[in-house]
Amino acid sequence: MKRRRVAVTGMGVVTGPGQGIEDFWEGLTKDPGKGPFTIDDWDPSALIPRREARRLDVFSQYARVAAHEALEMAGDHGTAADRSGACVGTGIGGMQSFENLVNAVYHSPRPRPSPLAIPMMMGNAAAADISITFGFLGPATTQTLACAAGAQAICDALRQIQWGYADLMVAGGSEAAVRPASIAGFRVARALSPTDESRPFDVDRNGFVVGEGAAMMVLEEWDQAHSRGADILAEVLGAGTSSDAHHITAPHPDGDGARRALEWALEDAGATPEQVGYINAHGTATPLNDAGEGQVIASIWGDNQPLVSSIKGTTGHALGASGGIEAVASVLAISRGQVPPNVGLREQDPQIPLHRIAVEREDWDPGLAVSNSFGFGGHNTVLVFGPAD
């Protein structure tokens, strides 16, 4: 079967650096200080009635608001309902609803858990809500690949359109896991920065800082988007997915899985490493990830490396939403001709063989952009985007 081309025609974000594409883009240049990086003064009432919002966990609210913005940007697509769908990744799902259920059962003198507790906390709630809200009758799926979930959702949506099962998909990730229980769990696992500073690729990096939010893309079959005169932001050229098959939390010491995902993504896109002008790195600011990712990039590109940056110095690590957020940043880098900076980097670790980390926003001649996402359990997903022309 001849694969169909896939366009990005809309994007929406809800993040700590900013809510909405414009605020998000400007926020990527600002040092947020110490984390965790949360959504301040969250109020979705402009798009979600208060009574309805009470029936949605915060991660589902984030997802719906981001989807609203993405679909509004895409414009009147006219896609049939049964040819439209949603793929939404999440690492943890409705953490706040889970905590509320536990408190109601174990810490209340008269336990009265909400009858909506389960549908609010389940991981597929965001994808289900988007399909219900916008009347999508096509595929509605949930990817739970830890920190690779949002990227994998975009990969799976790409395949649905490439292979002819859908003509339009809303895809990305959402997470609202800055909660006492999850913070405590990550803390005892020694994954978090003890100083609550996110410093990707820095010599003094000491762990990630939890963030939250959502990012959604509208992916659309290319000919449909072109024929209706849509503003095509970028093309999704390919994706690669692999497993380390090594450890439940630690990445493969040689970066074998990440390297294969990168190589497969480029092959899937019909591209060579020389065509890549920018890599949005996973860059969690943990000792193992940053060292391994740097080695993998150097092994593929050698001394002819593209520009590289991690945006987790501003967004924090939004877990299952991070791949979606970083995919949006990659497309913005293409559409706006600028690479977002690697905030938090003061002194690069000399053991990390990266030669072109962007410490400030840099202009570039937009070419191919790669977005890396690697998750606990050894899940690796890499996306490749190209300019609309």
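Computed from a prediction, not measured in an experiment: that's the story for all the values here. (Residues numbered from 1 in each chain as written. Predicted model: local features only at pLDDT ≥ 70, side-chain atom pairs only at ≥ 80, totals over all residues. Heavy atoms only, no water.)

**Structural notes on the nonpolar core**
Ranked by internal contacts, the top residues of the largest apolar core, which has 45 residues, are Met11, Phe24, Met217, Leu219, Val328 and Phe385. Within the residue set of this core, elements represented by two or more residues are strand E1 (6-15), helix H1 (21-27), helix H7 (149-162), strand E4 (168-175), strand E5 (213-221), strand E6 (234-243), helix H13 (322-336) and strand E12 (379-386). In terms of residue count, H13 provides more of this core than any other element does, eight residues in total. Ignoring any residue separated from it by four or fewer positions in sequence, one finds leucine 219 in contact with Val6, Ala7, Val8, Ile154, Ala157, Leu158, Ile161, Asp167, Leu168, Met169 and Val236. Grouped together as the second largest cluster of nonpolar side chains are 29 residues, Val14, Ala53, Phe136 and Leu168 included. (Core = buried A, V, L, I, M, F, W, Y, C linked by side-chain atoms within 4.5 Å. Buried < 20%, exposed > 50% of the residue type's maximum accessible area, 1.4 Å probe, protein only. Helix = DSSP H or I, 4+ residues; strand = E, 2+ residues; numbered from the N terminus. Contact = heavy atoms within 4.5 Å.)

**What about the sheet that holds E6?**
Across the sheet, which stays open at both edges, the 10 strands sit in the order E3-E2-E4-E5-E1-E6-E12-E11-E7-E8 with mixed pairing between neighbours. In this open sheet, the two edge strands, each paired with only one partner strand, are strand E3 (140-143) and strand E8 (307-309). On average, each strand axis in the sheet is inclined to that of its neighbour by 20 degrees, with strand direction left out of account. Direction of pairing for strand E2 (residues 84-89) relative to E3: parallel, over a ladder of four bridges. Within E3, the residue paired with glycine 89 across the bridge is glutamine 143. Contacts from helix H3 (residues 58-74) reach E1, E4 and E5, with the element oriented near 140 degrees to E1. (Pairing = 2+ DSSP bridges. Axes fitted to C-alpha atoms, helices over the stretch in contact; angles between N-to-C directions.)

**Some details on the packing of H3 against helix H6 (residues 125-134)**
Contact geometry of H3 with H6 gives a least axis separation of 9 Å together with a crossing angle of 45 degrees. Relative to H6, H3 is oriented oblique. Of the two possible hands of crossing, H3 and H6 adopt the one that is right-handed. For the pair formed by H3 and H6, the contact residues are Phe59, Ser60, Ala63, Arg64, Ala67, His68 and Leu71 on the first element and Ala125, Ala126, Asp129, Ile130, Thr133 and Phe134 on the second. For the contact of H3 with H6, the residue count by class is eight nonpolar, three polar and two charged. (Parallel < 35°, antiparallel > 145°, perpendicular 65-115°, else oblique. Left-handed = near helix turned anticlockwise from the far one by under 90°. Nonpolar A, V, L, I, M, F, W, Y, C, P; charged D, E, K, R; others polar.)

**Re H6**
Among all positions in H6, only Ala125, Ala126, Ala127, Asp129, Ile130 and Ser131 are buried. Where H6 is buried, its residues contact H3, E2, helix H5 (117-121), E3 and E5. Remark: glycine 135 follows H6 within two positions and exhibits a positive phi of approximately 70 degrees.

**Let's talk about the side chain of glutamate 326**
Position of glutamate 326 relative to the elements: it lies in helix H13. Aside from chain neighbours lying at most four places away, what touches glutamate 326 is Asn280, Ala281, His282, Ile311, Lys312, Ser371, Asn372 and Ser373.

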